[in-house]
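Coordinate inspection notes
Listed below, chain by chain, are the residues.
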Amino acid sequence: VDVAWRDAYAASQLVLAQMGRGEGHCLGHLDLALLMGGPLFREDVFLEAERCCARPAKRKAEGDPGGDAARAMKLEPSLGLLPPKSLVDMTIPKVDRPSLENFLLEYFLKETPVVIRGGIAHWPAVEKWQDLSYLKRLAGSRTVPVEIGTNYLRESWSQRLMKMADFIDSFVSSSGDADAKQIGYLAQHELFEQIPSLMRDIAVPDYCSLGKGKVESVNAWFGPARTTSPFHHDPHHNILAQVVGWKYLRIAAPSESEHLYPYVEGMHKNASQLDVDSPDYDRFPLYRKLKFKECILRPGEMIYIPPKWWHFVRSLSLSFSVASGGLELEQQSSASVPKV
């Protein structure tokens, strides 16, 4: 769609929001402008959303910290969701909050994956987001894009726009009864730009301040157990922070690409054709030779994933993760690294 039509759509939604009554009506139009509209009126839409959220309104608390929704967020990880050949090579190093210098020299410059413990302990989200009723009160009336299906490479996969509260009720709170084909995932969405009040619960990791310190996006990954990102790689440095719940990661170096059979055409050239849960060794015989590392990311931990490293990710419980992506960190000499 031509950008001019998307700008016109955003303008129409902005006008409807200004004419409407009630917070839910207003924010519904503004979210559609943000998600589907063009860039011309984006700043006006953000300002109107702030004004709308600031209007005094009597809000009904949906659930309470002692209710079923809050308890659901504290489920233990289910190891039965692990793919075949898991827990074979748990050798991704885990370190306790390294200094900026140590992270730069030992991991970033060497492009070595590492799990960092204690790096997000100060985030309010670590405690607050365990309560689903808190998320519903803060963001329940906002419209968000939800992926429906096993993963984005399956033919049955689709997307749906829905209220955050409806997403939580339909897919997160009821995840224990959900059919595998009807997994809902709020995936790779710039939720914190859309809802700045959630951004106040987190922070960009200190390690992103090295060099240029440029972060292209801060994305939310929120959903029930079994949400899956198939083997793929990204062009930039990434830091994935596990705020709530548990995730399993299987990663492989760029040199292992031939064993993962990337798509050779289309928009998924950075993704593998393999089904990790049921690999077809007749079609993909070299997969047997894949050398990979793995880890289970616990609540409060984050993992650094270097550029072009393949990674497969699966939630083992209800999960909320935050990814700081597109990092472009300048490679500095050791003499110029700040001592911290």
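Here is a short report on the structure shown in this document.

About the cut-offs
Residues numbered from 1 in each chain as written. Predicted model: local features only at pLDDT ≥ 70, side-chain atom pairs only at ≥ 80, totals over all residues. Heavy atoms only, no water. Phe/Tyr/Trp six-rings, centres within 6.5 Å; stacked < 30°, edge-to-face > 60°. Helix = DSSP H or I, 4+ residues; strand = E, 2+ residues; numbered from the N terminus. Buried < 20%, exposed > 50% of the residue type's maximum accessible area, 1.4 Å probe, protein only. Lys NZ or Arg CZ within 6 Å of the ring centre and 35° of its normal. Polar contact = N/O pair within 3.5 Å; in protein donor to acceptor, adjacent residues only side chain to side chain. Contact = heavy atoms within 4.5 Å.

All right, on to the packing of aromatic side chains then. Inspection of the entire model under this criterion finds 12 aromatic pairs. Measuring from centroid to centroid gives 5.3 Å for Phe103 and Tyr304, while their planes differ by 80°, and the two rings are edge-to-face. Pair noted here: Phe103 is in helix H5 (residues 100-108) and Tyr304 is in strand S11 (residues 301-305), with a separation of 201 residues, a long-range link. For the residue pair Phe103 and Tyr304, the accessibility class agrees, reading buried in each case. Counting every residue linked through ring pairs, the aromatic cluster contains Trp129, Phe167, Phe171, Phe192, Phe222 and Phe320. Its end group placed over the ring of Phe292, Arg250 keeps NZ or CZ at 4.4 Å from the ring centre.

It is worth spelling out the side chain of Asp201 at this point. The residue Asp201 is located in the loop between helix H10 (196-199) and strand S6 (217-223) in this model. A distance of 2.8 Å separates a polar atom in the side chain of Asp201 from a polar atom in the side chain of Tyr134. The contact partners of Asp201, leaving out residues within four places of it in the chain, are Trp123, Pro124, Ala125, Lys128, Trp129, Tyr134 and Leu138.

Attention now moves to the side chain of Ser229. By the element assignment, Ser229 lies in strand S7 (residues 228-232). Assessed through its relative accessible area of 8%, Ser229 is described here as buried. Setting aside anything within four residues of it in sequence, one finds Ser229 in contact with Tyr185, Trp221, His311, Phe312 and Val313.

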